[in-house]
Amino acid sequence: MDEILLIEAVERYLKGEMPAQEKAFFEEIRKNDPAVDQMVVEHTFLFHELEKQSGIKAYKHSLYEVESKMVEEGLISRSQLKGKAKVVFLWKKYKKNIAVAASIAVLVSLTTTGLIIAYNNKAGNSAVTDLIGKVKNTEMEVSKIKDSLKANKIIRETPKPDFRATGFLIDGKGYIVTNAHVVNRMRTIYVENNKGEYFSAVSVYTDPNADLAILKITDTAFRPMANLPYSIKKTNSDLGEQIFTLGYPRNEIVYGQGYVSAKSGDEGDSTAYQLSVSVNPGNSGGPVLNKHGEIIGIITSKNSIADGVVFAAKSKNIYSLVDAFKKAGDTMNIKLPTNTGLKGLEREQQVKKIEEFVFMVVGN
Amino acid sequence: MSNYLQENELLRGLAANDRDVIEAIYRDNYPMVQAFILNNSGNSDEARDIFQETMIVLYEKATLEGFELNCQLKTYIYSVCRRLWLKRLQQMQRYSSLVENVEDSVPVEEDIEQHEKHNAGFLMMEAAMNKIGEPCKSLLEAYYIQKKNMQEIAGEFGYTNADNAKTQKYKCLLRLKKLFFAQYKNGQ
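Residues numbered from 1 in each chain as written. Chains lettered and ligands numbered in written order. Predicted model: local features only at pLDDT ≥ 70, side-chain atom pairs only at ≥ 80, totals over all residues.

**Q** Looking at this structure, I do not really get the overall build of chain A. What am I missing?
**A** Counting its regular elements, chain A contains 8 helices and 15 strands. Within the span of chain A, comprising 364 residues, buried residues form 32% of the whole. Sequence-distant contacts, at least 24 apart, represent 67% of the contacts inside chain A between residues at least 6 apart. (Helix = DSSP H or I, 4+ residues; strand = E, 2+ residues; numbered from the N terminus. Buried ≥ 20, exposed ≤ 12 C-beta atoms within 10 Å, placed from the backbone. Contact = placed C-beta atoms within 7 Å.)

Right under this line is the structure:
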């Protein structure tokens, strides 16, 4: 008996859609042919498993929804709250010891920094290089002209940029996160989207420790964008998690994929990850996303000696960055995206949705 | 006694995936579970995980034919959470003696064993689904998981009619069966 016909029959049989006569015939065959019977058993089992799968999936979905409602209402607390209270408590208890330890630490770190600087100046550049790219102006010009020929429209005059990097929107009102080392080297900053539109931007907040900065698009031509497709992950990612990144190592957006290869960055920096992914100067500030479309980090630097050793600031730094910015007097009230609309999509689809929110950051 | 009846009513709602029932159970029981986990060297993320898993155990029980709870729902939830958390602590080798509440607990080992079996099946099916590739995966999910009808699916996937979609669906199903049973036999 044809297996396709059989599986179809089994399905109708289980659903009770079989007319009585056929049913009797079916049961007769089953009784007389053990091979058919065996297959019927297997198919039945498969259908049951599928049915269970469907039930559990729908149920899990409801669980998530109820849970996020409860979190919103505050019935379920977020982990950070408890952590903070503990830190405050410990701080009160050990204030004096910490003060003494800190002053010693400052002294030591100042001396070592001094030594390192002195040494590095002699030894040349260190192994870790920032991934901000120098722009070949001719390349830019050529592609600009090409673009303008294609689009047959006049593009706005922009200053010739010296540096190029990547950034991405964290709030559709025009707030972009990129690396601090990027903006530190630029006096005037422009961002360009994947359609080739330029907007002027200013750096509104930088945190050199985490190597992160917030840019604000100030250009009047910029229209606020709704519905950022990705969310920003608050918790740490696991070792071996598959990741992908988008960035502007050249004048066009470039996709790269890899995995989380260590849970800490350069010299055990616990605010960063080590990734194995191919990136180049210009990728600095690019988002690192997991398969669900959650941003887990921001590309910052790579080891110039070892191959494929890339460092990325962890995404939770974005939350502390925004908090610090709010305290420092942000009036626009940045709202970070909390929901990813990318779960379960194919990678091409995900990239298509993310592309327009990733910007080239250029300046001189 | 009427309380038991009420709670069994709740569980029927749970088996039917009634959002309001789920919410009510969360409201009544989550604080107790969170307090228990926090008191026993866990954090609130872990409390959420454990509670979620407990809710799944509860669902699996509630969907069984003729199931009736023969203790208080609160006691049952507490017992399952306690057991799951002990297991988790042992896995993480963070074992320490539990700080117990005054709550009673009932034996739930069998239920949890059953749950682990279910979960293994769930994971195998998911793995098989991930292996069959497109368009099979989307097609089967649309029909068997999201319960769309064949007409809708034919339109969505660009089949000329429902019969074509159906034939394709059965071909995919046979592939799924092969992958699923290959794993299933390995796992046994």
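**Q** Where do I start with the overall build of chain B in this structure?
**A** Secondary structure assignment for chain B yields 8 helices and 0 strands. Mapped from its N terminus to its C terminus, chain B presents α and β elements in the order α-α-α-α-α-α-α-α. Buried positions account for 29% of the 188 residues belonging to chain B. Looking at chain B alone, contacts between residues at least 24 apart form 67% of all its contacts between residues at least 6 apart.

**Q** Hey, could you run me through the pairing of strand E12 (residues 287–290) of chain A in this one?
**A** Residues and elements named next belong to chain A. Every second residue of E12 is oriented toward a common face, with Pro287 and Leu289 on one face and Val288 and Asn290 on the other, all of them buried. As paired strands, strand E9 (residues 242–247) and E12 are joined by 3 bridges and run antiparallel to one another. Paired with Thr245 across the two strands is Val288, which belongs to E12. Taken together, the 3 bridges between E12 and strand E13 (residues 294–303) define a ladder with antiparallel strand orientation. Each residue of the ladder has a partner; that of Leu289, found in E13, is Ile295. Linking two consecutive strands that pair antiparallel, namely E12 and E13, is a turn of 3 residues; a positive phi of about 80° is found at Gly293 within it. (Pairing = 2+ DSSP bridges.)

**Q** What should I look at first to understand helix H1 (residues 3–15) of chain A in this one?
**A** Each α-helix turn comprises 3.6 residues. Residues three or four places apart therefore point the same way. With 13 residues, H1(A) should cover 18 Å at 1.5 Å per step; its first-to-last C-alpha distance of 18 Å lies within 8% of that length. Just past H1(A), the residue Gly16(A) takes up positive phi, approximately 75°. (Expected span 1.5 Å × (residues − 1).)

**Q** Just checking my understanding: could you explain the environment of Glu49(A) for this structure?
**A** Position of Glu49(A) relative to the elements: it lies in helix H3 (residues 34–73). On the basis of neighbour counts, which here come to 21 C-beta atoms within 10 Å, the residue Glu49(A) falls in the buried class. The residues contacting Glu49(A), other than those within four sequence positions of it, are Gly121(B) and Met125(B).

**Q** Whenever I open this one, the nonpolar core confuses me. Can you help?
**A** Most often, soluble globular proteins have nonpolar side chains that are buried together. Counting 61 residues, the largest nonpolar core has Ile176(A), Val191(A), Val288(A) and Ala312(A) as its most contacted members. Setting aside anything within four residues of it in sequence, one finds Val288(A) in contact with Ile243(A), Thr245(A), Leu275(A), Ile295(A), Ile296(A), Gly297(A), Ile298(A), Ile299(A) and Ala312(A). Of all hydrophobic cores here, the second largest spans 32 residues; its members include Leu10(B), Ile22(B), Tyr30(B) and Ile50(B). (Core = buried A, V, L, I, M, F, W, Y, C linked by C-beta atoms within 7 Å.)

**Q** Just to check I follow, could you spell out the interface of chain A and chain B for this structure?
**A** Interfaces are often sized by the accessible area lost when the parts come together. Taken together, the contact between chain A and chain B spans 26 residues of the former and 28 residues of the latter. Counting residues per element, the side of chain A that touches chain B draws most heavily on H3(A), which supplies 16 residues. For the side of chain A that touches chain B, the residue count by class is 12 nonpolar, 6 polar and 8 charged. (Nonpolar A, V, L, I, M, F, W, Y, C, P; charged D, E, K, R; others polar.)

**Q** I tried to follow unusual backbone geometry on my own but got confused; where do I start?
**A** Glycine aside, residues mostly have negative phi angles, and peptide bonds mostly take the trans form. The residue Glu267(A) is not glycine, and still its phi comes out positive at about 55°. Positionally, Glu267(A) belongs in the loop between strand E10 (254–262) and strand E11 (272–276). Phi angles above zero are rare outside glycine, and Ser41(B) is one such case at about 55°. Positionally, Ser41(B) belongs in the loop between helix H2 (19–39) and helix H3 (44–62).

**Q** Would you mind going over the confidence of the model for chain A with me for this structure?
**A** Close inspection of predicted coordinates is inappropriate for parts of the model with low pLDDT. Residue and element names in this part refer to chain A. In this model, chain A carries a mean pLDDT of 81, and residues with pLDDT of at least 70 account for 83%. Confidence drops under a pLDDT of 50 for residues 80–84, and excluding neighbours within four residues, the segment shows 3 contacts in the predicted structure. In the model, residues 151–158 has pLDDT below 50 throughout and makes 6 contacts with residues more than four positions away in sequence or in other chains. (pLDDT = per-residue confidence, 0-100.)

**Q** Which parts of the structure should I look at to understand the environment of Asn179(A)?
**A** Residues and elements named next belong to chain A. By the secondary structure assignment, Asn179 is in the loop between strand E4 (175–178) and helix H6 (180–184). With 31 residues separating them in the primary sequence, Asn179 and Ala210 have C-alpha atoms 8.6 Å apart. When residues no more than four places from it in sequence are discounted, the contact partners of Asn179 are Ala165, Asp211, Leu212, Ala213, Ser284, Gly285, Ile298 and Thr300.

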